[in-house]
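# Coordinate inspection notes
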Amino acid sequence: MLFELKSVFLNEDCEQQLTYELDIADIDVDGVFPFTSPVTVTATARNRASLVTLTIDCSYDYSRSCDRCTEQFVRREQKTFVHRLAQTLVDEGNDDYIETPDFTVELDEVVISDILLNLPQKNLCRSDCKGLCPACGQNLNSGKCECEGKTVDPRLEILKQLMD
């Protein structure tokens, strides 16, 4: 989706907004297609004191299996990304600004890269997930297992014998 920003760049204290949906269900992340709903994107460009700022608000459903307990979860994510825009860049290596020589921004590319760069390193169903019992595989979020406390790490077995 092209976002035309000429009026924002040329008029101070100008603001322009665009809302649309972006379907990214076909994006593969580590062999999984985690985006189960289209991304609702609201982009707002503001010119304040000749500095044009692009604020992108995104909301989407994110589905993965938990890295600790392996249960499937779906979470509604809401993210906000802020970028500064410039018509021309003096330094090509400057990543602080998005260059817009023709006063347009391809929002799809920016939104997809922002979302992918902000995916969690560890996918958890909830922050206090207890995971699986290492001995029997019981999901510890749904209850205690029968073997809890009975198994000793074989590397520490010799210490247990010293205590007996």
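Here we summarise the structure given alongside this text.

Calculation rules
- Residues numbered from 1 in each chain as written.
- Predicted model: local features only at pLDDT ≥ 70, side-chain atom pairs only at ≥ 80, totals over all residues.
- Heavy atoms only, no water.
- Helix = DSSP H or I, 4+ residues; strand = E, 2+ residues; numbered from the N terminus.
- Buried < 20%, exposed > 50% of the residue type's maximum accessible area, 1.4 Å probe, protein only.
- Lys, Arg positive; Asp, Glu negative; His and termini not counted.
- Charge placed at Lys NZ, Arg CZ, Asp CG, Glu CD.
- Polar contact = N/O pair within 3.5 Å; in protein donor to acceptor, adjacent residues only side chain to side chain.
- Contact = heavy atoms within 4.5 Å.
- Phe/Tyr/Trp six-rings, centres within 6.5 Å; stacked < 30°, edge-to-face > 60°.
- Lys NZ or Arg CZ within 6 Å of the ring centre and 35° of its normal.
- Core = buried A, V, L, I, M, F, W, Y, C linked by side-chain atoms within 4.5 Å.

The next thing to look at is the overall build of the chain. Broken down by element type, the chain carries three helices and seven strands. Beginning at the N terminus, the succession of helices and strands in the chain can be written as β-α-β-β-β-β-β-β-α-α. In terms of its C-alpha atoms, the chain occupies a principal-axis envelope of roughly 80 × 35 × 25 Å. For the chain, the residues scored as buried account for 35% of the 164 residues in total. Charged side chains in the chain number 16 positive and 30 negative. The centres of these two groups are separated by 12 Å.

A separate point is the side chain of Thr 42. By the secondary structure assignment, Thr 42 is in strand β3 (residues 39–48). Reaching out from Thr 42, the side chain makes a polar contact with the side chain of Thr 19 at a distance of 3.5 Å. Excluding residues within four positions of it along the chain, Thr 42 makes contact with Gln 17, Leu 18, Thr 19, Thr 55, Ile 56 and Asp 57.

As a further point, take the packing of aromatic side chains. Counted by the stated rule, this structure contains three aromatic pairs. Ring plane angle 65° and centroid distance 5.7 Å describe the contact between Phe 35 and Tyr 60, whose orientation is recorded as edge-to-face. Taken together, the residues span a long stretch of sequence, with Phe 35 in the loop between β2 (15–22) and β3 and Tyr 60 in strand β4 (residues 51–65) at a distance of 25 residues. Of the two residues, Phe 35 and Tyr 60, neither departs from the other in class, the shared state being buried. Here a set of aromatic residues connected by ring pairs shows up, and it is made of Phe 35, Tyr 60 and Tyr 62. Over the ring of Tyr 97 we find Arg 84, and its NZ or CZ is 4.8 Å from the ring centre.

Here Glu 77 lies in strand β5 (residues 72–86). Taking the relative accessible area as the measure of exposure, Glu 77 reaches 13% and is therefore buried. Glu 77 has contacts with Cys 58, Ser 59, Tyr 60 and Tyr 62, leaving out every residue within four places of it along the chain.

Further remarks concern the nonpolar core. Among the nonpolar cores identified, the biggest contains 30 residues, and Phe 35, Val 39, Leu 54, Ile 56 and Val 111 are the most heavily contacted of them. For this core, the secondary structure elements donating two or more residues are α1 (6–10), β2, β3, β4, β5 and α2 (107–117). In terms of residue count, β4 provides more of this core than any other element does, six residues in total. Beyond its immediate sequence surroundings of up to four residues, Phe 35 is in contact with Ile 24, Ala 25, Ile 27, Val 29, Tyr 60, Asp 61, Tyr 62, Ile 115, Leu 116 and Leu 119. Core analysis: the next-biggest nonpolar cluster, separate from the first, contains five residues, Cys 66, Phe 73, Leu 124 and Cys 129 among them.

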